[in-house]
Amino acid sequence: MLGYRKGLVDACNKLGVHSTILIDPWEDISELPACGDNEKRIFVENLSKDETTLFSLMRSNETNFDAVITTEEYFLVNASILSCIVSKPYIEPHVAVAFRDKFYQKKLLRGVVSVTDSWMIDDIENFVIDEKYPYPVVLKPVAGAATSYTYIAYSQEELEKCIELHKQKLDENPAEIPRSMVIERFVYGDEWHIDGWVLEGKLQSFTASKYNFPLIGIRNGGIVGSVTLHPETNKELYNKFHQFVEKALQKLGLKNSVFHMELFKNDENDELVFSECGARVGGGFIYKAFQYLYDINLYEVLVRLALGEKVLSTPAKTSQCVGWTFLPSVSPTIKSLPDSSLLMDMPGVLEVEYSWDPSKEMPDTKIDTTQRTGQVLITGKDEDEVLLRIKDVLNYFTDLTKN
């Protein structure tokens, strides 16, 4: 396992699968739980470099595994390449690349499903605008994640400012800031995420969830969260998503894997436009919302598929709807968060998880879509009730954390 992810470790333990977890300095090792009886951990200098990973494995005499997996976006290709050496690939390297390189991904899908126009920037350090783009446009890393280093520009002047801003960041931290970027035509409409798995290229159980706002809106203070539509009361829409998603995943070559796809839906013309897709479990409480609806854990699905098992579709197990939300940043002068039981007592709240350590700096939810003080899982009789309860929870949390 490349990188530590509690949900994935828990899934291995539940399934009785021994896990060897590779960790590097990117992890805060001091914050990881104690190593369990069914786990082994090996330190790697840099998991994004295949040679350092192989160095550590060979020094540890660990070169024979049943599967190599990861849920970390940045290590997907590394895991696939490594699997060809110490295991067998459940995602072939060329397929893994198609799920990381955002420009290549859209290039493959153009003419198969609707995708936005895009233009590649190999090295932004030497890039000069020499053509007219259909503004507004989005500037983002070609292999990024969580909306990090993503900008929106409504004119050439704004795009030039975004490019200069990114170059400044690159000068300050050349080892960490991405150089290869992509410009994409901005897509109007609601942003959705589709989560589930494929077996032998055929789409199995999946959820269709609408974000509370397009994710780029975090720059303006939006809080990440979504509401999952129930498949039984939205059959026509689920059929529409099924055709679109399966066609895209088959073209990208995904055969046996979980996935997290984002797309836009324009309610005026009912058009679906592909945004991007990862061959991994979605972040936040997406997997918990999925499990509430279908009573199956996507991390366990990932492990079972990687080990060669066939995991088939399952019908929804509840008539209730479900959603989730991050909790926002609060004043840096606050020393602790309110007792989680106060939120648990609110209507429909199923789970509250705080992630901010009061000894650390307050997370800034405007930076990227991983930043949060916590997250909440919420249910209701329909989508409207879930959305209303999400707003109530956010308002109540804000009131509780006022100075």
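Everything here concerns the structure above.
In this text the structure is predicted, and so the values were computed from the model without any measurement.

Draft legend 1. Main features of the sheet that holds strand E5 (residues 151-153). Ordered in space as E3-E6-E4-E5, the four strands form an open sheet in which the pairing is antiparallel. The two strands at the open ends of the sheet, each matched to only one other strand, are strand E3 (118-121) and E5. On average, each strand axis in the sheet is tilted by 20° relative to the strand beside it, whichever way the strands run. Sheet topology note: the strand E4 (residues 137-141)/strand E6 (residues 181-185) ladder contains five bridges and is antiparallel.

Draft legend 2. Representation of the nonpolar core in the model. Phe99, Phe259 and Met261 are the most contacted members of the largest nonpolar core, which totals 61 residues. Residue contributions to this core peak at eight residues, all from helix H7 (residues 235-252). Residues Val224, Leu337, Val349 and Ile390 belong to the second largest nonpolar core, which totals 30 residues.

Draft legend 3. Quick look at the layout of surface pockets. Counted as a void, the second largest pocket has a volume near 360 Å³. Lining the second largest pocket we find 20 residues, and of these His18, Ser19, Thr20, Phe65 and Ala67 sit closest to its centre. Going through the elements one at a time, strand E1 (19-23) and helix H3 (76-86) are the ones with two or more residues in the lining of the second largest pocket. Examining the composition of the lining of the second largest pocket, we find that three residues originate from one element, E1, more than from any other. Classifying every residue of the lining of the second largest pocket gives 14 nonpolar, four polar and two charged.

Draft legend 4. Just the packing of aromatic side chains, in detail. Following the criterion strictly, the structure yields ten aromatic pairs and no others. Each ring, one from Tyr133 and one from Tyr135, has its centre 6.4 Å from the other, and the planes form 90°; the classification is edge-to-face. The class for Tyr133 is buried, based on a relative accessible area of 7%. Among the aromatic residues, those joined into a ring-pair cluster are Trp119, Tyr133 and Tyr135.

Draft legend 5. Focus on H3. For H3, the full list of buried residues reads Leu76, Asn78, Ala79, Ser80, Leu82, Ser83 and Val86. Here the buried face of H3 lies against E1, helix H2 (50-59) and helix H4 (93-98).

Draft legend 6. Region of the structure containing the pattern of salt bridges. Tallying each qualifying case throughout the model produces 27 salt bridges. A salt bridge links Arg41 to Glu39; its shortest N-O distance comes to 3.3 Å. What makes Glu39 buried here is its relative accessible area of 11%. Of the charged contacts, one joins Asp270 and Lys265 as a salt bridge, the two residues approaching to 3.1 Å between their closest N and O atoms. One network of salt bridges, in which partners are shared, links Glu73, Arg100, Lys102 and Arg280.

Draft legend 7. Spotlight on the pairing of strand E11 (residues 271-278). Of all eight residues in E11, seven are buried; the element is thus mostly enclosed. Counted between consecutive antiparallel strands, the loop separating strand E10 (residues 257-266) from E11 contains four residues, among which Asp270 sits at a positive phi close to 65°.

Draft legend 8. Structural view of helix H6 (residues 156-172). Its 17 residues give H6 an end-to-end C-alpha distance of 24 Å, which sits within 8% of 24 Å, the value for a rise of 1.5 Å per residue. Buried within H6 are the following residues: Leu159, Cys162, Ile163, His166, Lys167 and Leu170. Take H6 and look down its axis: the buried residues cluster within an arc of 135°, on one side only. Of the residues in H6, the exposed ones pointing more than 90 degrees away from the buried face are Glu157, Lys161, Asp171 and Glu172. Its buried side turned inward, H6 meets E4, E5 and E6.

Draft legend 9. The arrangement of the sheet that holds E10 in detail. On the basis of which strands lie adjacent, the open sheet formed by eight strands has the order E11-E10-E7-E8-E9-E12-E14-E13 and antiparallel pairing. Bordering the open sheet on either side are E11 and strand E13 (349-354), each of which pairs with just one other strand. The average angle at which neighbouring strand axes cross in this sheet is 25°, direction not considered. Where strand E7 (residues 190-199) meets E10, nine bridges bridge the pair, whose relative direction is antiparallel. Bridge assignment links Trp192 to a residue of E10, and that residue is Leu263. Across the sheet, H7 is in contact with E7, strand E8 (202-211), strand E9 (225-229), E10 and E11; its angle to E8 comes to roughly 115°. In the packing of helix H9 (residues 298-306) onto the sheet, the strands contacted are E7 and E10, and the crossing angle to E7 comes to about 40°.

Conventions used here
Residues numbered from 1 in each chain as written. Predicted model: local features only at pLDDT ≥ 70, side-chain atom pairs only at ≥ 80, totals over all residues. Heavy atoms only, no water. Pairing = 2+ DSSP bridges. Helix = DSSP H or I, 4+ residues; strand = E, 2+ residues; numbered from the N terminus. Axes fitted to C-alpha atoms, helices over the stretch in contact; angles between N-to-C directions. Core = buried A, V, L, I, M, F, W, Y, C linked by side-chain atoms within 4.5 Å. Buried < 20%, exposed > 50% of the residue type's maximum accessible area, 1.4 Å probe, protein only. 1 Å grid on protein atoms, 1.4 Å probe; cavity = no way out; pocket = protein on both sides within 12 Å on 5 of 7 lines; lining within 4 Å. Points joined across faces, edges and corners; volume = space filled by probe spheres on them. Nonpolar A, V, L, I, M, F, W, Y, C, P; charged D, E, K, R; others polar. Phe/Tyr/Trp six-rings, centres within 6.5 Å; stacked < 30°, edge-to-face > 60°. Contact = heavy atoms within 4.5 Å. Salt bridge = Lys/Arg side-chain N within 4 Å of Asp/Glu carboxyl O. Expected span 1.5 Å × (residues − 1). Arc of directions from axis to C-beta.

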